[in-house]
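Here are the chains, one letter per residue:
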Amino acid sequence: MLKTDTEKGISGDNSDLTARQTTFGLNTYPRKKGRSFLAFVWDACKDLTLIILMVAAAVSLALGITTEGIKEGWYDGASIAFAVLLVVFVTAISDYKQSLQFQNLNEEKQNIHLEVVRGGRRIMVSIYDLVVGDVVPLKIGDQVPADGILINGHSLSIDESSMTGESTIVHKDQKSPFLMSGCKVADGYGTMLVTAVGINTEWGLLMASISEDSGEETPLQVRLNGAATFIGMVGLSVALGVLVVLLARYFTGHTYDPDGSVQYVKGKMGVGQTIHGVVRIFTVAVTIVVVAVPEGLPLAVTLTLAFSMRKMMRDKALVRRLSACETMGSATTICSDKTGTLTLNQMTVVEAYFGGKKMDSPENPQTLSANVTSLIVEAIAQNTSGSIFEPEQGGQEPEVTGSPTEKAILSWGLKLGMKFNETRLKSSILHVFPFNSEKKRGGVAVHLGSSDVHIHWKGAAEIVLDSCTSWLDADGSKHSMTPEKVAEFKKFIEDMAAVSLRCVAFAYRTHVMDDVPNEDQRADWKLPEDNLIMLGIVGIKDPCRPGVRDSVRMCTAAGIKVRMVTGDNLQTARAIALECGILTDPNVSEPIIIEGKTFRALPDLEREEAAEKISVMGRSSPNDKLLLVKALRKRGHVVAVTGDGTNDAPALHEADIGLSMGIQGTEVAKESSDIIILDDNFASVVRVVRWGRSVYANIQKFIQFQLTVNIAALIINVVAAVSSGNVPLNAVQLLWVNLIMDTLGALALATEPPTDHLMQRPPVGRREPLITNIMWRNLIIMALFQVSVLLTLNFRGTSLLQLKNDNLAHADKVKNTFIFNTFVLCQVFNEFNSRKPDELNIFKGISGNHLFICIIAITVVLQALIVEFLGKFASTVKLSWQLWLVSIGLAFFSWPLALVGKLIPVPDRPLGDFFACCCPGSKKAPDDKEDKAEHSDV
């Protein structure tokens, strides 16, 4: 009824696919819609300080119009309201854009690519393009992409815990053929027929009822949120103190207008004028809170994470968990796979040892008898999870699919003259033992007809050799495996391994059909693996990736130790490690280069000590990798691990940062990882480290910038308010400064691209304070300069700016405008200084950051617009060109001052982390892997 050929699948032409999608639906399910822009505007409006300012603006507007008339009285209230709305909309736009980016990345995470059989060929398609009627090959580690039924399978076991909640692995066969979407293949392989997709599947119905919450907060965000709250409380306390002082001065007649007259005279002031004065004082106190609360801190983290995630996608890294971006910058060691990560994963058979001797050419079987060649071809064709598509039209090359190792062996089989489909039809598969990374081999039992059964094994050469009691000569005669012959085989394996070849051995044994369990019991049959007959060994070349040596060197310079963990034997591992630069001395011994079983046998304490020294681990099982990760973490390392197999999942989960492979990685591995390396390249892992360090560095830059502004603005207004009853920076001006330092400042500094300088310093420690001694030095110097200059101008500005001849009111306005202008321009230069906290050349690489230049230009243009044309709204007056030059000169002077400050040495010992003091509960190491339950609250 589905018009599907169980061998060749559907035809796969566009009209057929469209018809199936129209009839049965798409393989997608309804997702919860993202929040609208208005929702973000509403969130931004909920800020308490902005609500208070809006109330103050409304009262000021009403009183202003009542007392001064509609023409003049609306400026103060309207300007505050406009400034508040500007802050609200800029914040909302920024948050909305980041949420869209996170949403797009989230969809990309769900976009699995899988193999399907269409028109007799295996092709890769997106999971979203799967249709009912598709034939899908499944292997260990895959996710079942839709609901369906088993066509055929060998030792196929499914982990249905995601659907049923039961942890038992369910065996699938013709009696139990139903497969549910979202489940994982735990063992074996097979093919399935898709019968339902999308919302019609069990998984689709489940996912449609779950709203995926992407509101994950990273450890750094939690830490900075706590800090922002603490600083806000300090700011609120200071503002309340200032409010009490200003009200006391106002009602006792110690607050004066610019012309020198007392603002409040008891008994002579109307109720409206008194309320107006009180509202003005109240607005000053609220603006102190506005400028004190560093709302930009959490925003900067969000911005830099969103920016980094988007750029990392271009660098072939898909981030699954936000916290991994931060943690990657702290990585002290990378435990990397060899195959496909350090090497190209483009395997070819280059040497062969069959008939008891090395073949002159691995592609020339003429020295072997027809019987031996037939056995080799049978072993290749039947003991494989790969496939060969042989086009019906002559002249076209056969298409080989499967894992790189399988493809290499199948391609070699074709050169031996193997007819894949014909060979498979000559015998039938009785039972399969899928390749196992623990045992390093896989086997198959095939029925040749009558009572003849062959059991073929294929796997790691020295392990298969240990099970062999005899070997096959070139003419097909069987000989006992003497110690001399074992030594000869081992010598050949060592010679191949020394030139970095992967050695795979083929062996078989005969069996009697009467001894094979019947079909009902065959699922539990353990294939015999003793008394094997050695057929031969092939050496597979997997060249080192270009650029890996440079990447390893870069990691070493950055204080990150690269360790290679591989299933290959020690000789092959040593050869590749020397080629990649992980080892520099070919004569190193244990524990620098160690075998998995040796490491596994060590007592806990010795294992931890050995883990520190290990550079290469050969013949390792996934459990050995897990033990290595645990030992390194106990020693205080921040560990990144690469993995691609199902059995790598525990190590990926245990590590601080799990990096799965996007091409060769199984779905189980990807789900257990934090970051997916889309091109399986070690160089991409190094780029992830650069981005991780960039995230942390950008946050530090912004903290330095923001706290400098916070401290300076707070001190200036508090000192001026307490001493004179008036403040040089009013509500609208402080809101504008708040906009510069919060949103625009975060956008400029949080989107700085990573530099090579980041990879020339050691990793950031788990407990290292966010504000380093270098940052404290820069911050204090800049804040002291700004406070000194602006307070001097506040108290002596009239004489210094030669305004004594002006009337008092105008002189005061010019002085305050000059202070405001100088303060904003100081922040422009402060932003440049913050780009390079520990470098003298603050303009290095500036031409490459167009966004930074753009934001600086926008800030300067808007500042000139406010001072020169919008004076009525911001309570400013136009400045002469001479005053503009003086203002620019004072701000510019902060640059050489900062350069001189950078020459002052700082102590190595941390002075203490201000943020840790604010929220001591946040001292937890970044991402301790306690947030893995994705949909739960507890």
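Computed from a prediction, not measured in an experiment: that's the story for all the values here.

Definitions and limits used
- Residues numbered from 1 in each chain as written.
- Predicted model: local features only at pLDDT ≥ 70, side-chain atom pairs only at ≥ 80, totals over all residues.
- Heavy atoms only, no water.
- Pairing = 2+ DSSP bridges.
- Helix = DSSP H or I, 4+ residues; strand = E, 2+ residues; numbered from the N terminus.
- pLDDT = per-residue confidence, 0-100.
- Contact = heavy atoms within 4.5 Å.
- Axes fitted to C-alpha atoms, helices over the stretch in contact; angles between N-to-C directions.
- Parallel < 35°, antiparallel > 145°, perpendicular 65-115°, else oblique.
- Left-handed = near helix turned anticlockwise from the far one by under 90°.
- Nonpolar A, V, L, I, M, F, W, Y, C, P; charged D, E, K, R; others polar.
- Buried < 20%, exposed > 50% of the residue type's maximum accessible area, 1.4 Å probe, protein only.
- Salt bridge = Lys/Arg side-chain N within 4 Å of Asp/Glu carboxyl O.
- 1 Å grid on protein atoms, 1.4 Å probe; cavity = no way out; pocket = protein on both sides within 12 Å on 5 of 7 lines; lining within 4 Å.
- Points joined across faces, edges and corners; volume = space filled by probe spheres on them.
- Expected span 1.5 Å × (residues − 1).
- Arc of directions from axis to C-beta.
- Core = buried A, V, L, I, M, F, W, Y, C linked by side-chain atoms within 4.5 Å.
- Phe/Tyr/Trp six-rings, centres within 6.5 Å; stacked < 30°, edge-to-face > 60°.
- Lys NZ or Arg CZ within 6 Å of the ring centre and 35° of its normal.
- Patch = residues over 30% accessible without salt bridge, like charges linked within 9 Å, V, L, I, M, F, W, Y side chains within 5 Å.
- Areas by Shrake-Rupley, 256 points an atom, 1.4 Å probe, with all protein chains shown as cover.

### Overview of the pairing of strand 4 (residues 147-159)
Phase 1 of the analysis: Pairing of strand 4 with strand 7 (residues 184-196), which is carried by 10 bridges, proceeds in the antiparallel orientation. Residue pairing across strands places G148 opposite V194, the latter belonging to strand 7.
Phase 2 of the analysis: The pairing of strand 4 with strand 6 (residues 178-179) spans two bridges and is antiparallel. Residue pairing for strand 6: G148 is matched across the bridge by L179.
Phase 3 of the analysis: Inspection of the sheet shows strand 4 paired to strand 5 (residues 169-171) by three bridges, in the antiparallel sense.

### A short note on the confidence of the model for the chain
Phase 1 of the analysis: Per-residue pLDDT for the chain averages 84, and the proportion of residues at 70 or more is 92%.
Phase 2 of the analysis: Contacts of residues 920-937 to residues separated by more than four positions or lying in other chains number 35 contacts, the stretch itself having pLDDT below 50.

### Brief notes about the packing of helix 16 (residues 548-557) against helix 23 (residues 682-724)
Phase 1 of the analysis: Direction vectors running N to C along helix 16 and helix 23 enclose 30 degrees, while the axes themselves pass 9 Å from each other. Overall, the two elements helix 16 and helix 23 adopt an arrangement that is roughly parallel. Classified by chirality, the crossing of helix 23 by helix 16 is left-handed. Contact residues: V548, S551, V552, M554 and C555 in helix 16; F682, A683 and V686 in helix 23.
Phase 2 of the analysis: Here the contact of helix 16 with helix 23 is built from residues that sort into seven nonpolar, one polar and no charged.

### Some remarks on the environment of N421
Phase 1 of the analysis: Tracing the sequence through the fold places N421 in helix 13 (residues 420-426).
Phase 2 of the analysis: On the accessibility criterion, N421 (38% relative accessible area) is partly exposed.
Phase 3 of the analysis: The spatial distance from the C-alpha of N421 to the C-alpha of E390 is 8.4 Å, given a sequence separation of 31 residues.
Phase 4 of the analysis: Each residue touching N421, except ones within four places of it in the same chain, is listed here: I388 and E390.

### Remarks on the pattern of salt bridges
Phase 1 of the analysis: For the structure shown, the criterion picks out 35 salt bridges.
Phase 2 of the analysis: For the salt bridge of K415 with E363, the shortest nitrogen-to-oxygen distance reads 3.6 Å. Of this pair, K415 sits in helix 12 (residues 404-415) while E363 sits in the loop between strand 11 (357-358) and helix 11 (370-382); the two residues are 52 residues apart in sequence, bridging distant segments of the chain.
Phase 3 of the analysis: Linking E654 and R633 is a salt bridge whose minimum nitrogen-to-oxygen distance equals 3.4 Å. You can see E654 sitting in helix 21 (residues 649-654) and its partner R633 sitting in helix 20 (residues 622-634), a full 21 residues away along the chain.
Phase 4 of the analysis: The class of E654 is partly exposed, set by a relative accessible area of 25%.

### A closer look at the environment of T755
Phase 1 of the analysis: Among the structural elements, T755 can be located in the loop between helix 24 (731-750) and helix 25 (773-800).
Phase 2 of the analysis: For the pair T755 and G25, spaced 730 residues apart in the sequence, the C-alpha separation amounts to 47 Å.
Phase 3 of the analysis: Those residues in contact with T755 that lie beyond four places of it in its chain are R690 and K836.

### Some points on empty space enclosed by the protein
Phase 1 of the analysis: By the definition in use, this model includes one cavity of 30 Å³ or more.
Phase 2 of the analysis: The calculated volume of the largest cavity comes to roughly 50 Å³.
Phase 3 of the analysis: If you go around the largest cavity, the residues you meet are Q704, N778, I781, M782, N830, N833, A898 and K902.
Phase 4 of the analysis: Breaking the lining of the largest cavity down by element, the ones donating at least two residues are helix 25 and helix 26 (808-835).
Phase 5 of the analysis: With three residues, helix 25 is the single largest residue contributor to the lining of the largest cavity.

### Quick word on helix 20
Phase 1 of the analysis: In a regular helix each residue adds 1.5 Å, so 13 residues correspond to 18 Å; helix 20 covers 19 Å between its end C-alpha atoms and thus fits that length.
Phase 2 of the analysis: A large share of helix 20 lies buried, amounting to 10 of its 13 residues.
Phase 3 of the analysis: By the burial criterion, the buried members of helix 20 are P622, D624, K625, L626, L627, L628, V629, A631, L632 and R633.

### Remarks on helix 16
Phase 1 of the analysis: Among all positions of helix 16, only V548, S551, V552 and C555 are buried. Axial view of helix 16: buried residues confined to an arc of 100 degrees, hence all on one face. Exposed and oriented more than 90 degrees from the buried face of helix 16 are R553, T556 and A557.
Phase 2 of the analysis: Where helix 16 is buried, its residues touch strand 9 (333-336), strand 21 (561-565), helix 17 (570-580) and helix 23.

### A closer look at the sheet that holds strand 24 (residues 639-643)
Phase 1 of the analysis: The mixed open sheet is built from eight strands, whose spatial order is 8-26-25-24-9-21-23-22. Either end of the sheet is taken by a strand with one partner, and the two such strands are strand 8 (317-319) and strand 22 (593-595). Averaged over all adjacent pairs, the angle separating strand axes in this sheet is 20 degrees, with direction ignored.

### A word on the nonpolar core
Within soluble globular proteins, side chains that are nonpolar generally end up buried alongside one another.
Phase 1 of the analysis: Among the nonpolar cores identified, the biggest contains 144 residues, and I582, I657, I675, F682, I703 and F823 are the most heavily contacted of them.
Phase 2 of the analysis: For this core, the element with the highest residue contribution is helix 23, accounting for 19 residues.
Phase 3 of the analysis: Those residues within four positions of F823 in sequence are excluded, and the remaining contacts are V709, A712, A713, I716, L729, V737, Q786 and L790.
Phase 4 of the analysis: Within the second largest apolar cluster, 31 residues are counted, among which are L368, I376, L410 and F506.

### Overview of the packing of aromatic side chains
Phase 1 of the analysis: All told, the structure shown has 18 aromatic pairs when counted by the stated rule.
Phase 2 of the analysis: Between Y353 and F489 the ring centres are 5.2 Å apart and the planes differ by 65 degrees, which places this aromatic pair in the edge-to-face class. Residue Y353 is found in strand 10 (residues 348-354), and its partner F489 is found in helix 15 (residues 483-498); the two are separated by 136 residues along the sequence. The exposure classification of Y353 matches that of F489, with both residues buried.
Phase 3 of the analysis: Every member of this aromatic cluster is reached through a ring pair, and the members are F829, F832, F843, F852, F892 and W895.
Phase 4 of the analysis: One cation-aromatic arrangement involves R441 over W457; the distance from NZ or CZ to the ring centre is 5.5 Å.
Phase 5 of the analysis: When the ring centre of F852 is taken as reference, the NZ or CZ atom of R835 above it lies at 5.5 Å.

### With respect to unusual backbone geometry
Phase 1 of the analysis: Here E590 and P591 are connected by a cis peptide whose omega angle stands at -5 degrees.
Phase 2 of the analysis: Here P591 shows up in the loop between helix 17 and strand 22.
Phase 3 of the analysis: At N345, a position not held by glycine, the phi torsion is positive, near 65 degrees.
Phase 4 of the analysis: Its place among the elements puts N345 in the loop between strand 9 and strand 10.
Phase 5 of the analysis: Phi at S500 takes a positive value of approximately 60 degrees, unusual for a residue other than glycine.
Phase 6 of the analysis: Turning to its location among the elements, S500 is positioned in the loop between helix 15 and strand 19 (501-512).
Phase 7 of the analysis: S500 sits in the buried class, given a relative accessible area of 6%.

### So, a nonpolar patch on the surface
Phase 1 of the analysis: On the surface, a cluster of nonpolar side chains totalling about 410 Å² of accessible area is made up of I51, V55, V59, V271 and I275.
Phase 2 of the analysis: Every element with two or more residues in the nonpolar patch is listed here: helix 3 (48-68) and helix 8 (271-292).
Phase 3 of the analysis: Ranked by residue count, the leading element in the nonpolar patch is helix 3, at three residues.
Phase 4 of the analysis: With respect to the element layout, V55 can be found in helix 3.

### A closer look at the pairing of strand 9
Phase 1 of the analysis: Of the two faces of strand 9, the one lined by T333 and C335 and the one lined by I334 and S336 are each fully buried.
Phase 2 of the analysis: For strand 9 and strand 21, the ladder comprises four bridges, and the chain directions are parallel. Within the sheet, the bridge partner assigned to T333 lies in strand 21 and is K561.
Phase 3 of the analysis: The sheet contact formed by strand 9 and strand 24 spans three bridges and is parallel. Its bridge partner being in strand 24, I334 is matched across the sheet by A640.

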